[in-house]
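# Descriptive structure summary
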Amino acid sequence: MTSVQVGKNHDGHDGNGVAGSGAPEEGYERGLGSRQVQMIAIGGAIGVGLFLGAGANIAKAGPSLIFMYALAGVIIFFIMRALGELLLYRPVSGSFAEYSREFLGPFFGYFTGWTYWLMWVVTGMAELTAAAIYVNYWFPAIPQWVTALVFLIVLFAANLISVKLFGEIEFWFSMVKVTALIGMIVIGLGVLTFGFSSAGDSAAVSNLWAFDGFFPKGIGSSLMTLQGVMFAYLAVELVGVTAGESENPEKTLPKAINTLPWRIALFYVGALTVILCVVKWTEFAPGVSPFVEAFAKIGIPAGAGIVNFVVLTAALSSCNSGMYSTGRMLRTLADNGEAPRVFNKLSSTKTPALGITVSMLFMGIGVVLNYIVPEKAFGYVTSVATAAGIWTWLMILVSHILYRRAVDAGRLPASSFPAPGGSKFSWVAVAFLLFVTGLIAYDADSRVCLYVMAGWAAALGIGWAVLKSRNPEVAERRDPVFEKVG
């Protein structure tokens, strides 16, 4: 394998934020070990979109939701292999924003960085909302907004301390989610095989087609769930943001990406298949976790409460990741002159403290939404997060296509982790994401997020014009300079 390389940007900082002088206090701490990167990758793919959002999607699509998760999972793997090739060509903490800047131009780097920041801010709002809903299961008297605020403050404090603490919290959050999902699958298979529990009499594989078929609401209705399914997969690309703080990115990143197919097969497709065999799809409703519902039906003492704790963990895990990534993305933007310079500073514990703080304050809007419209808060923010996530994935794919062209033309060095099929599958994934965007535009409920994104794009366009007028250098295209870091 070739040695890991990192490009320097215009002000002499490398993509990791490490000063050209090599002064350690200027750079991130490479505090994420293989164990933590692996679990961030696994846990990132198991979030509130699966645990809570699947309830509404089952009601819309029935058992065909399993197929939608599998289809979207294949596309996600194409996206991650494209990102993996780019990461091993140049592993930088700015990740996809840096690649957009390099291959599409400074404006796209600026737009992608800010849009990814927005995605995680609104995802954090969704996770806080979900966490508040889960606590409501045990303590219905506590208002949703109070719980959301408490969780926001606790995770904020943890993220300020160090990247190692973030990694450790994420490791254990992910461990809880993974262990619980495997336990659910095993128990569900036990119910199906041996017929024990109160769900044993009605549990059967035939539940997948016995109630109006596999596509009970029609293929059109099933396709409309794709926007919710894609939200469930947001955060798989977080591995790219960890590149600048991984101890050995060349070893850990390919391993994390290559294990993605079995994670999707087991945790999404496998878990949903077992649940929909154990409990008839007609018994699930929006706003209730299908996992909690399944354990309640099985009748395991405290089972539903245990699962509720697990899904609470999933929500907090994702919000924790959101704080981590937003702070890093703001620092990358500041490093390139596309955000206030003050965001470039690291705290004494080598965390982008100011970026994390500002992001946390914006996530606090989710607390306000929980106060004003608690029943609609989750739906509003997930649609905006999905639209922002689709943009991020599109930029990864287009950057990859342009990178492969440059490699084929001999202008850039080949990556040590090439995507199978070259850029062919990236084109397939681009077409799929555009199709999902069309579905979002077609759906009256989710269409509002496209209006939000149009407003966001207009605001960023104005911001770019102001930046260019103040500092014309920002709009100049710069080639990365490579430097060995390991």
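Residues numbered from 1 in each chain as written. Predicted model: local features only at pLDDT ≥ 70, side-chain atom pairs only at ≥ 80, totals over all residues. Heavy atoms only, no water.

### Some points on helix 7 (residues 144-161)
Here helix 7 contains 18 residues, and its C-alpha end-to-end distance of 27 Å stays within 8% of the 26 Å for a straight helix at 1.5 Å per residue. Those residues of helix 7 that fall on the buried side of the exposure criterion are Gln144, Thr147, Ala148, Phe151, Leu152, Leu155, Phe156, Ala158 and Asn159. What you see down the axis of helix 7 is that its buried residues fit within an arc of 165 degrees, all on one side. (Helix = DSSP H or I, 4+ residues; strand = E, 2+ residues; numbered from the N terminus. Expected span 1.5 Å × (residues − 1). Buried < 20%, exposed > 50% of the residue type's maximum accessible area, 1.4 Å probe, protein only. Arc of directions from axis to C-beta.)

### Let's talk about a nonpolar patch on the surface
A surface patch of nonpolar side chains, about 600 Å² in accessible area, is lined by Trp145, Leu149, Ile153, Val368, Tyr371 and Ile372. For the nonpolar patch, the secondary structure elements donating two or more residues are helix 7 and helix 16 (353-372). Within the secondary structure, isoleucine 372 is located in helix 16. Taking the relative accessible area as the measure of exposure, isoleucine 372 reaches 58% and is therefore exposed. (Patch = residues over 30% accessible without salt bridge, like charges linked within 9 Å, V, L, I, M, F, W, Y side chains within 5 Å. Areas by Shrake-Rupley, 256 points an atom, 1.4 Å probe, with all protein chains shown as cover. Salt bridge = Lys/Arg side-chain N within 4 Å of Asp/Glu carboxyl O.)

### Structural notes on empty space enclosed by the protein
Under the criterion given, the structure shown has 4 cavities of 30 Å³ or more. In this model, the second largest cavity occupies a volume close to 70 Å³. Met184, Ile185, Gly188, Ala271, Val274, Ile275, Val278, Phe291, Ala294, Phe295 and Ile298 are the residues that line the second largest cavity. Contributing elements (two or more residues each) for the lining of the second largest cavity: helix 8 (163-194), helix 13 (260-278) and helix 14 (290-298). (1 Å grid on protein atoms, 1.4 Å probe; cavity = no way out; pocket = protein on both sides within 12 Å on 5 of 7 lines; lining within 4 Å. Points joined across faces, edges and corners; volume = space filled by probe spheres on them.)

### A short note on the nonpolar core
Nonpolar side chains in soluble globular proteins generally cluster together in the buried interior. The biggest cluster of nonpolar side chains holds 146 residues, and the ones touching the most others in it are Phe51, Tyr69 and Ile76. The element contributing the most residues to this core is helix 6 (residues 106-138), with 18 residues. Here phenylalanine 51 is in contact with Ile46, Tyr134, Lys177, Leu181, Met184, Ser289, Pro290, Phe291, Val310, Val311 and Ala314, once residues within four sequence places are set aside. (Core = buried A, V, L, I, M, F, W, Y, C linked by side-chain atoms within 4.5 Å. Contact = heavy atoms within 4.5 Å.)

### A few points about the packing of aromatic side chains
Aromatic rings in a pair are described by how distant their centres are and how their planes are angled relative to each other. For the coordinates displayed, the defined rule picks out 21 aromatic pairs. Geometrically, the ring pair formed by phenylalanine 96 and tyrosine 116 is edge-to-face, given 4.6 Å between the ring centres and 70 degrees between the ring planes. Of the two residues, phenylalanine 96 is situated in helix 5 (residues 96-104) and tyrosine 116 in helix 6; the sequence distance between them amounts to 20 residues. By the burial criterion, phenylalanine 96 is buried, and tyrosine 116 matches it. One aromatic cluster is present, formed by Phe107, Phe108, Tyr110, Phe111, Trp391 and Trp464 through successive ring pairs. (Phe/Tyr/Trp six-rings, centres within 6.5 Å; stacked < 30°, edge-to-face > 60°.)

### Some points on the packing of helix 13 against helix 14
Axis separation between helix 13 and helix 14 bottoms out at 10 Å; the angle between their running directions is 40 degrees. The angle between the axes of helix 13 and helix 14 places the two elements in the oblique class. For the pair helix 13 and helix 14, the crossing hand works out as left-handed. On helix 14, the residues that touch Ala271, Ile275 and Val278 of helix 13 are Pro290, Phe291, Ala294 and Ile298. A breakdown of the residues in the contact of helix 13 with helix 14 according to their chemical character gives 7 nonpolar, no polar and no charged. (Axes fitted to C-alpha atoms, helices over the stretch in contact; angles between N-to-C directions. Parallel < 35°, antiparallel > 145°, perpendicular 65-115°, else oblique. Left-handed = near helix turned anticlockwise from the far one by under 90°. Nonpolar A, V, L, I, M, F, W, Y, C, P; charged D, E, K, R; others polar.)

### Structural notes on helix 8
Residues separated by three or four positions in an α-helix point in the same direction, a consequence of the helix having 3.6 residues per turn. If you check helix 8, its first and last C-alpha atoms are 46 Å apart, about what 32 residues at 1.5 Å a residue would give, namely 46 Å. Two residues or fewer past helix 8, glycine 195 is found with a positive phi of approximately 70 degrees.

### Considering the pattern of salt bridges
What the rule picks out here adds up to 6 salt bridges. For arginine 90, the salt bridge is made with glutamate 98, and the minimal N-O distance between the two is 3.7 Å. Accessibility classification places arginine 90 together with glutamate 98 in one group, the buried group. The residue arginine 101 makes a salt bridge to glutamate 98 at a minimum N-O spacing of 2.7 Å. Here arginine 101 and its partner glutamate 98 are both found in helix 5, 3 residues apart, which amounts to about one turn of the helix. Residue class for glutamate 98 comes out buried when judged on its relative accessible area of 6%. Among the ionic contacts, a cluster of salt bridges with common partners joins Arg90, Glu98, Arg101, Glu102 and Glu338.

### Side note on the packing of helix 8 against helix 15 (residues 303-335)
Running from N to C, helix 8 and helix 15 cross one another at 145 degrees; their axes reach a closest spacing of 9 Å. The chirality of how helix 8 crosses helix 15 is left-handed. Contacts between helix 8 and helix 15 pair Val163, Phe166, Ile169, Glu170, Phe173, Val176, Lys177, Ala180 and Met184 from the former with Val307, Phe309, Val310, Thr313, Ala314, Leu316, Ser317, Asn320, Ser321, Tyr324 and Arg328 from the latter. In terms of residue class, the contact of helix 8 with helix 15 is built from 13 nonpolar, 4 polar and 3 charged.

### So, unusual backbone geometry
Of note in this structure, aspartate 212 is not a glycine but carries a positive phi near 70 degrees. When you line up the elements, aspartate 212 lands in the loop between helix 8 and helix 9 (219-223).

### Focus: the environment of tyrosine 233
For tyrosine 233, the location among the structural elements is in helix 10 (residues 226-233). The buried category is assigned to tyrosine 233, whose relative accessible area is 0%. With 164 residues separating them in the primary sequence, tyrosine 233 and tyrosine 69 have C-alpha atoms 9.1 Å apart.

### Thoughts on the environment of threonine 129
With respect to the helices and strands, threonine 129 occurs in helix 6. On the basis of relative accessible area, threonine 129 is assigned to the buried category, the value being 1%. Put simply, threonine 129 and glutamine 144 are 15 residues apart on the chain and 7.4 Å apart in space, counted from C-alpha to C-alpha.

### So, the confidence of the model for the protein chain
Per-residue pLDDT for the protein chain averages 80, and the proportion of residues at 70 or more is 84%. Below a pLDDT of 50 lies the segment residues 1-26, which in the model reaches 84 contacts outside its immediate sequence neighbourhood of four places, other chains included. Predicted confidence for residues 481-486 stays below pLDDT 50, and this span has 20 contacts to residues more than four positions away or in other chains. (pLDDT = per-residue confidence, 0-100.)

### Some remarks on the side chain of glutamate 85
Relative to the assigned elements, glutamate 85 resides in helix 4 (residues 65-89). Judged by its relative accessible area of 2%, glutamate 85 is buried. Only 2.7 Å separates the side chain of glutamate 85 from the side chain of histidine 400, close enough to count as a polar contact. (Polar contact = N/O pair within 3.5 Å; in protein donor to acceptor, adjacent residues only side chain to side chain.)

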